[in-house]
Amino acid sequence: MSRNSSRCSNSSSSGGDKNDDDVLEGEEPGAVYDGSIVVQSKPFNAITTFLQPPTEGDKADSGSVVSDDVLTDDEKNGGVSPELMVNEVPEFDDDWRSASWKKQKKHVFIMSYAGKPIYTRYGDEDQQAALMGVLQTLVMYFSHMAEPRDTLLCSCAGGHKFVFLGRDPLILVLASHTDASQNQLTMELMYVYYQIISTLTAKRIRNIFEKHKNYDLRRMLSGAERQINNLLDATEHDPCFFLGAVRCLPLELSVRDTIAQAMAQFSKVKDLVFSILIAHNQLVMYIRLKNYALHPIEIHLILNLLVASESLKTSETWTPICLPLFEPNGFVYAHISYLDETCNICLLMITVNENLFHTLSNCRRLIAEKLTHFGCLKAIQGSAKENKSQYKASDVGIPEIHHFLYKTKSASLLTSPMYEAPYSSQSEQDRLLSLYQYVHQRLHNSRLPVRLLFHVGKSEALLGRVTSGFELYIAFTPFVSKGAAVNAMDKLLRWIKKEEDRLFIRNSPTI
Amino acid sequence: MTAKKEVSLINFFIFNAKFGPKEGDEHKKILFYFPHSVPLDTKIKQIGLCEAIITFTATFTDHPCESLHTHKTRQLFFQAEPDFWTVMTLGVPSIEKIVEGQTHTDYREEDIQDHVYRAVLQQTYNLYRLFNGTFQSTLTKCDIESLKQRLDHFFSKYLVTLRLNQVDIMTVFNGVQFLPLDKISYLRLQCFINQMEMIFPQIRYSVVLYNNHLVWSGLEQEDMRVLYYYLTASLLPAITEQDFSTAPLVTSAEGSHFGRFVLGPPDLQNEKNLGRISRVHLAGCEQEMEECFLVVYRALGALMCLLIQGDQQLDFDLFQKIDKFVGPQLSAIASDIAELTSRKNPSSTEMQFKYVYFNRMNFAQKTSIHTSNGLTPSVSSDVLRLIADIHNDLNTVTQVEDGETIVKTSNDSWIVGKKSDQREVYIIIHQKNANLIEINEEVKRLCSTHFNNIFFLD
């Protein structure tokens, strides 16, 4: 594994891009050495086309393997157990058409092709059955009755956007009062759709609805409700989702290499496909079988699973999970365990073989031993304490920069500093997020690709830059001059380059 | 093998749901539908669909529904008057490729921008209202059948003239090009107008244009914009065509001048023919719309519009008097202005500088990239769409009072949009290997020479 002589074509030029300012993939600060860690964030179109059919026979048909006793509890419940909704749903009137219901920024409705309600973000979906009926009629009109056949995409009214996604046999609708673009909102709906797939597999859903058009899918989804709610909340506060990138825990290169070696050594088990170490909701290390890779969306789903389920923390868990982009029609199995008492460091091993629990349990023990022996766990804990895993914008040493987002394209990894003044409150952070979304959509939505955007507003100046190798979004003080902004950007890129070994995963071994 | 399809008009209709609330009465909701050949059933379904969407969006917001996007179409809604909806459905431009026997159609949704085409919808309604008054007033004064007739009469003719692939940011602005005069000419014009309005008390308002630029207007801003659009988009192009085919100028009995009526008696010797005179409805600033006769008189490059009280009977005598008074004076003013503008013209540096300017306070607009034949060749419609997007961002998404957005595209075109104190300017610079600082300097230089009396924030 030789290191590339990394050359960042822009870090040396002053005053911005004198020459061809495109930074090629693989040459940006933080680029990976060999192969990609995570599959290229696919362009929007590729993700929204229908999922690929199963490729290998032996991985297929795991649908029936999920033991039915997991389901009997749900089948007893007619609908959603109210306790799951209590924490997520704010107080408002029972009448779902009340003013407070309307004021919510983002509503999500899921129903079957037959119009049967499955999920609503706020309120009780049975009460909203009539509304869902209307949505279903609208979607079905265009796809089944219009001449020529068409697809309903979205509707706009003032500041509201209503985005429709039909994925046979489900219909997902998002009613949003944010500034996100239609593409960004459709992406969020795709995330919700993939979340459902990851619980049930695409094949199973299709089969059920083929046999019973009127099936009430809620009977199989009671746990997933909480995960969907979590996912939606996360999309409102975290830029990872619309950027299609994963956050990675900053760690010294030596520690990370040790972890990589330890994990790789004990992951060379037949049928083990991925071995992932996560700490504080960020990726630490990721070992994969050659020729296979996880998509950032799947990593987000895994993170969501960990966040949403308290029960996983108590002991080693063996759970089926469907990875929608890896294999949408079948389950893979995940061995999940926490390596420390505070339950912040999680080791996941994913395999296609349902009988591998004990083998993986053993691997886990060996890995945990080795990591403890070399002090890696302590290092991770230490790095997480007291601002070390999260650096501040002021650490970078450029006073004009208040905050930034940097995404490497070759690895789909994201790094950003902690929020500081003037973004200390949640509302300010959310406002900044919607501004980043605006820059992102302007850079990606036009028929004419935009490479650089500089916007001066009332409270900040924003810079967005897209090259083949990275995407960079910076929030400056509004009084920054253009010259200072360009210099600051160059300085920041140099700083990221200097810190790249610590901020990103440079090496991802294959087994 | 690729086949390109431009944006097309699929249908255009106007309906009011209150006219057919019961089942079986749905056809009564339809006030106008284009194309006429579509079966009634389909029309009813379309309207039902629109109603469903409008009701659905109303569940969440009081803001009326604006658009419906599907893969292949774009439907735009405009509630012209309470409960009266105008809806236009466009076919999304597409590129068809035949690869290995399989047809692949790529629909380019980004090529249709909602706010641009809604501006078209609004414009068509404004124009209808100029000539026919509001829907509601026709209903109260006459009945539903006459409303339907009027709609049919106007829209059937107007819709075929729409050039949908030439719509851009200027349609959104819907502004007016002004021609500022020097002090003397302006005062002369002012005196002339005052005199005229004293002599002819029936004249309520007057408007003077020179060469498609507005020189003087006595109308309210809203009416002015609509009338200006009508004159520059419909009437004047029609006149210039006529000019090439008709007889030479008519000279009046007393001395010769170059004036004649465009909307009015074509031949002042012939008493019988009053010519085409339109009735227009002006919104003004009152609740009720005011009806006037629109008489248009032309002398050399100057065009004068006289809005005469609508309750009068027009007689030939009046026109003769107008011709006698207005003709010589207008011709003199026109030739003065001609001299003025020819003196100002040799500033060819303007050519290099590509920009679009708009002032929200007086709706003044200026552009150096639009010519009478369309866009200057160096500016692509993609760039214009980006300008429209930036305009939208500055006004709605980022909601800045004053701000600036600079964008660089992948083919080295820089677009700088500045918004300051109700004025907006969008400058296009094409320069390879430039960076942000250089472009900023260039823009500052241009603004100081061409917009030196306007303060734009840095």
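Residues numbered from 1 in each chain as written. Chains lettered and ligands numbered in written order. Predicted model: local features only at pLDDT ≥ 70, side-chain atom pairs only at ≥ 80, totals over all residues. Heavy atoms only, no water.

A. Seen up close, the packing of aromatic side chains. Tallied over the full model, the rule gives 39 aromatic pairs over all chains. On the numbers, 5.1 Å between centres and 80° between planes, the contact of Tyr191(A) with Phe241(A) is edge-to-face. Within this pair, whereas Tyr191(A) is found in helix 6 (residues 182-200), its partner Phe241(A) is found in helix 9 (residues 240-243), the two being separated by 50 residues in sequence. Like Tyr191(A), the residue Phe241(A) is buried in the burial classification. Here the aromatic rings of Phe192(B) and Phe325(B) are separated by 5.8 Å at their centres, their planes lie at 25°, and the arrangement is stacked. In this pair, Phe192(B) sits in helix 6 (residues 183-199) while Phe325(B) sits in helix 8 (residues 316-344), placing the two residues 133 residues apart along the sequence. Of the two residues, Phe192(B) and Phe325(B), both sit in the buried class. Over the aromatic face of Phe363(B) sits the side chain of Arg225(B), whose NZ or CZ is 3.7 Å from the ring centroid. (Phe/Tyr/Trp six-rings, centres within 6.5 Å; stacked < 30°, edge-to-face > 60°. Helix = DSSP H or I, 4+ residues; strand = E, 2+ residues; numbered from the N terminus. Buried < 20%, exposed > 50% of the residue type's maximum accessible area, 1.4 Å probe, protein only. Lys NZ or Arg CZ within 6 Å of the ring centre and 35° of its normal.)

B. Up close: the sheet that holds strand 8 (residues 102-107) of chain B. All names here are of chain B. Judged by pairing direction, the sheet is antiparallel, and its three strands sit side by side in the order 1-7-8 without closing on themselves. Strand pairing shows two members of the sheet lacking a second neighbour, strand 1 (2-5) and strand 8, which therefore form its edges. Sheet twist, expressed as the average angle between the axes of neighbouring strands with direction ignored, equals 20°. Sheet topology places strand 1 next to strand 7 (residues 94-99); four bridges connect them, and they run antiparallel. Bridging from a neighbouring strand, Lys5 pairs with Ser94 of strand 7. (Pairing = 2+ DSSP bridges. Axes fitted to C-alpha atoms, helices over the stretch in contact; angles between N-to-C directions.)

C. Layout of the pairing of strand 13 (residues 290-299) of chain B. Residue and element names in this part refer to chain B. With respect to burial, strand 13 is a largely interior element, eight of its 10 residues being buried. Two strands pair when backbone bridges link them, and strand 11 (residues 259-263) and strand 13 are joined in this way by four bridges, in the antiparallel orientation. Residue Arg260 lies in a different strand from strand 13, and its bridge partner there is Arg298. Direction of pairing for strand 12 (residues 278-282) relative to strand 13: antiparallel, over a ladder of five bridges. Bridge pairing links Ser278 to Leu294 in strand 13. Strand direction decides the pairing type here: strand 13 and strand 14 (residues 302-309), joined by eight bridges, are antiparallel. Among the inter-strand pairings, Leu294 is bridged to a residue of strand 14, identified as Leu307. Counting the residues in the hairpin turn of strand 13 and strand 14 gives two residues, including Leu300, whose phi is positive at 55°.

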